[in-house]
Amino acid sequence: MSWRNTTDGKDKIFGALVYLFPLYSALQFGAYLFAQIPFLKLLAIPLTPLIIINQIPFGGFILFIILYSAVVRNSRISHFIRFNTMQSILMEILLILISLVVNVFAGGLGGGLLIETIFNTIFLGTLIGCIYGMVQSVSGKYPDIPLISEAASGQVPW
């Protein structure tokens, strides 16, 4: 993807911070890894504000609506921030859908190694995607995550 690089420091930081949103949602899938590798629990430290927000009834949903309506649809905010926000929202939606499917089929699979592998894969995939998005954003580059970036660019007008 060839985008213009006209981002300043503030845009880079805000563009990276929005990836904490899907990372927080992926924590539920990291339970098996956290049990096996306890130091991974340190990932929850930067997510503390989101943990507090989600203790409020419908807090996550309210944050979702605010990010979409006040950031993605606000043309006064830089395209870089809006694109990264939309990309993190799409990752969040994907995690919600995966969570629904896993909850439906997890009982039938009975747990064990298969469920543990699925959960670990979802968590690690999200972690890698979020870290990649953060690193690219801090570098001032538009993160190119397959399928998600294409959908995000179609939703965020210049």
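Residue numbers restart at each chain and count upward from 1, following the sequence in its written direction. Two thresholds apply to this predicted model, a pLDDT of at least 70 for residue-level local features and 80 or more for giving and counting side-chain atom pairs, whereas whole-chain, interface and lining totals are computed over all residues. As a convention, hydrogens and water are excluded, and side-chain values are obtained from all of the structure's heavy atoms.

S.K.: Before we go on, may I ask you to explain the environment of Gly30 in this structure?
M.R.: Positionally, Gly30 belongs in the loop between α2 (20-26) and α3 (31-36). Separated by 86 residues in the primary sequence, Gly30 and Glu116 place their C-alpha atoms 9.2 Å from one another. Starting at the N terminus, helices and strands are each numbered in turn, a helix being any DSSP run of H or I of at least four residues and a strand any DSSP run of E of at least two.

S.K.: What should I look at first to understand the layout of surface pockets in this one?
M.R.: With a probe scaled to a water molecule rolled over the atoms, the places where space remains empty come into view. As a volume, the largest pocket reaches approximately 290 Å³. Lining residues are those with an atom within 4 Å of a point, where the points come from a 1 Å grid over the protein atoms alone and group into cavities, where a 1.4 Å probe fits but cannot get out, or pockets, open sets with protein on both sides within 12 Å along at least five of seven lines. Forming the walls of the largest pocket are 16 residues, and the residues nearest its centre are Phe14, Leu17, Val18, Leu63 and Leu67. Those elements giving two or more residues to the lining of the largest pocket turn out to be α1 (9-17), α2, α4 (48-53), α5 (59-72) and α6 (79-109). The classification used treats Ala, Val, Leu, Ile, Met, Phe, Trp, Tyr, Cys and Pro as nonpolar, Asp, Glu, Lys and Arg as charged, and all other residues, Gly among them, as polar. Split into classes, the residues belonging to the lining of the largest pocket amount to 15 nonpolar, 1 polar and no charged. Grid points are joined across faces, edges and corners, and a volume is the space filled by probe spheres set on the points.

S.K.: Can you walk me through the nonpolar core in this structure?
M.R.: Across soluble globular proteins, you tend to see nonpolar side chains buried next to one another. Take the buried residues of types Ala, Val, Leu, Ile, Met, Phe, Trp, Tyr and Cys, join any two whose side-chain atoms come within 4.5 Å, and each joined set is a nonpolar core. Note on classification: 1.4 Å probe, protein chains only; a residue is buried when its accessible area is under 20% of the maximum for its type, exposed when over 50%, partly exposed between these limits. With 38 residues, the main nonpolar core has Phe29, Met86 and Phe123 as its most contacted residues. If you list the elements that add at least two residues to this core, you get α2, α3, α5, α6, α7 (113-138) and α8 (148-155). Considering each element in turn, this core owes the most residues, 9 residues, to α6. Only heavy atoms matter for contacts: two residues are in contact if any of them lie within 4.5 Å across the pair. Discounting residues that sit within four places of it in the chain, Phe123 has contacts with Ala26, Leu27, Phe29, Gly30, Leu33, Phe34 and Leu43.

S.K.: Explain α1 to me, please; I cannot follow it from the model alone.
M.R.: Given 3.6 residues per turn, any residue in an α-helix points the same way as the ones three and four places further on. Within the sequence span of α1, burial applies to Asp11, Gly15 and Ala16. The buried residues of α1 occupy one face: seen down the axis, they fall within an arc of 125°. This arc describes the spread of directions from the helix axis toward the C-beta atoms.

S.K.: Could you clarify how one ought to interpret the pattern of salt bridges in this entry?
M.R.: A side chain of one charge can pair with a side chain of the opposite charge if their charged atoms are brought near each other. Here, a salt bridge means any side-chain nitrogen of Lys or Arg that lies within 4 Å of a carboxyl oxygen of Asp or Glu. Tallied over the entire structure, the rule returns 1 salt bridge. A salt bridge links Lys10 to Asp11; its shortest N-O distance comes to 3.8 Å. For Asp11, a relative accessible area of 8% translates into the label buried.

S.K.: Would you take a moment to explain unusual backbone geometry for this structure?
M.R.: Trans is the prevailing form of peptide bonds, just as negative phi is the prevailing case for residues other than glycine. Positive phi, close to 60°, is recorded for Phe58, a residue that is not glycine. For Phe58, a relative accessible area of 65% puts it in the exposed group. For Leu147, which is not a glycine, the phi torsion comes out positive at approximately 70°. Checked against the element boundaries, Leu147 lands in the loop between α7 and α8. Judged by relative accessible area, Leu147 falls into the exposed class, the value being 66%.

S.K.: Mind showing me how you'd approach α7 here?
M.R.: With 26 residues, α7 should cover 38 Å at 1.5 Å per step; its first-to-last C-alpha distance of 37 Å lies within 8% of that length. Remark: Gly140 follows α7 within two positions and exhibits a positive phi of approximately 85°. How far a helix is expected to stretch is found by multiplying one less than its residue total by 1.5 Å.

S.K.: I'm lost on the packing of aromatic side chains in this one. Help?
M.R.: Each pair of aromatic rings is reported with the distance of its centres and the angle of its planes. Between the rings of Phe, Tyr and Trp (Trp by its six-membered ring), a pair exists once the centres lie within 6.5 Å; its type follows the angle of the planes, with under 30 degrees stacked, over 60 edge-to-face, and the other angles tilted. All told, the structure shown has 5 aromatic pairs when counted by the stated rule. Where Tyr32 meets Phe119, the ring centres are 5.8 Å apart and the plane angle is 75°; that geometry is what we call edge-to-face. In this pair, Tyr32 sits in helix α3 while Phe119 sits in helix α7, placing the two residues 87 residues apart along the sequence. When its relative accessible area of 30% is taken as the criterion, Tyr32 is described as partly exposed. Centre to centre, the rings of Phe34 and Phe123 are 5.4 Å apart; their planes meet at 75°, and the pair counts as edge-to-face. Of this pair, Phe34 sits in helix α3 while Phe123 sits in helix α7, and the two are 89 residues apart along the sequence. Exposure class is identical for Phe34 and Phe123. Each is buried.

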